[in-house]
Amino acid sequence: MSTTVSDALLEPSRRPVAVTALTDVVDAEVAEKSGIGGVAVKAGYATVKKLGGGFVQRATDRLLPQFATALDPFWATKGDRPFGDHLAAQPEAVADALLAVTDARAASTSHASAAKVYGSLRGKAKEHVVAALPRLGSAVERLVR
């Protein structure tokens, strides 16, 4: 078993599986959104997906090293708890660590449409990331083991 999320998810033969699994987490989280805020998230996600060429999958792959590094300290302290539970028990710290990655990327992207969508949704992003932590943690734990 790998001792870090980075070791496991960035290992060349496992990375494509990790990208697909994490993209599936995003797809599932977006699909479950409801209400006015959910409509905004779904519309924004649909816009980004229309950028074509597997934009979401490619973005996940590009950001995977930074996301994995951001999750490493949380993995190191999880003990015997399921990783999703461990992440959900410290939502502020985990969400801040993950959003720091996307904020940095959004600030430097050449995709103006993606940056615009991200900017329009950023205000509620922390709430959405926190809601996704159990699913994210479960997916990462399956990938690391």
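Check the entry above for the structure.
Because the structure is predicted, anything quoted here is derived from the model rather than measured. (Residues numbered from 1 in each chain as written. Predicted model: local features only at pLDDT ≥ 70, side-chain atom pairs only at ≥ 80, totals over all residues. Heavy atoms only, no water.)

Engineer: What exactly am I supposed to notice about the overall build of the protein chain here?
Structural biologist: Helix and strand counts for the protein chain stand at 8 helices and 0 strands. Counted from the first residue to the last, the protein chain has its helices and strands arranged as α-α-α-α-α-α-α-α. For the protein chain, the C-alpha radius of gyration of 15 Å lies close to 15 Å, the compact-globule estimate for 145 residues. The proportion of buried residues among the 145 residues of the protein chain is 38%. Restricting the contact set of the protein chain to residue pairs at least 6 apart, pairs at least 24 apart contribute 71%. When the accessible surface of the protein chain is totalled, it reaches about 7600 Å², and 60% of it is carbon and sulfur. The distance from the centre of the 18 positive side-chain charges to the centre of the 15 negative ones in the protein chain is 7 Å. (Helix = DSSP H or I, 4+ residues; strand = E, 2+ residues; numbered from the N terminus. Rg over C-alpha atoms; globule rule 2.2 N^0.38 Å. Buried < 20%, exposed > 50% of the residue type's maximum accessible area, 1.4 Å probe, protein only. Contact = heavy atoms within 4.5 Å. Areas by Shrake-Rupley, 256 points an atom, 1.4 Å probe, with all protein chains shown as cover. Lys, Arg positive; Asp, Glu negative; His and termini not counted. Charge placed at Lys NZ, Arg CZ, Asp CG, Glu CD.)

Engineer: I would appreciate a short explanation of the side chain of Glu-29 in the present structure.
Structural biologist: For Glu-29, the position within the fold is in helix α2 (residues 15–32). Not counting the four nearest positions on each side in its chain, Glu-29 is found in contact with Ala-131, Ala-132 and Arg-135.

Engineer: I tried to follow the packing of aromatic side chains on my own but got confused; where do I start?
Structural biologist: The description of an aromatic ring pair rests on the distance of the ring centres and on the angle between the ring planes. Tallied over the full model, the rule gives 1 aromatic pair. An angle of 75° between the planes, with centres 5.0 Å apart, marks the rings of Trp-75 and Phe-83 as edge-to-face. The burial state of Trp-75 is the same as that of Phe-83; both residues are buried. Taking the ring centre of Trp-75 as reference, the NZ or CZ of Lys-78 above it sits at 5.0 Å. (Phe/Tyr/Trp six-rings, centres within 6.5 Å; stacked < 30°, edge-to-face > 60°. Lys NZ or Arg CZ within 6 Å of the ring centre and 35° of its normal.)

Engineer: How should the side chain of Thr-23 be read in this particular structure?
Structural biologist: On the secondary structure map, Thr-23 appears in helix α2. The residues touching Thr-23, leaving out its near neighbours within four places in the chain, are Tyr-45, Val-56, Gln-57 and Thr-60.

Engineer: Help me understand the pattern of salt bridges in this model?
Structural biologist: Side chains that differ in charge, positive against negative, can pair when their charged atoms come close. Under the defined criterion, the tally for this structure stands at 8 salt bridges. The closest approach of N and O atoms between Lys-126 and Glu-92, which form a salt bridge, is 2.7 Å. Highlighted residues: Lys-126 in helix α8 (residues 125–144) and Glu-92 in helix α6 (residues 91–108), separated in sequence by 34 residues. Classification of Glu-92 as partly exposed rests on a relative accessible area of 48%. Taken together, the salt bridges that share partners define one network made up of Glu-29, Glu-32 and Arg-135. (Salt bridge = Lys/Arg side-chain N within 4 Å of Asp/Glu carboxyl O.)

Engineer: Hey, could you run me through the nonpolar core in this one?
Structural biologist: One broad rule of soluble globular proteins: the nonpolar side chains tend to lie buried together. Of all hydrophobic cores here, the largest spans 27 residues; its most connected members are Val-5, Leu-9, Leu-98 and Val-140. Of all the secondary-structure elements, those providing two or more residues to this core are α1 (5–10), α2, α4 (55–76), α5 (83–88), α6 and α8. Ranked by size, the runner-up nonpolar core spans 7 residues in total, among them Val-41, Tyr-45, Phe-55 and Val-56. (Core = buried A, V, L, I, M, F, W, Y, C linked by side-chain atoms within 4.5 Å.)

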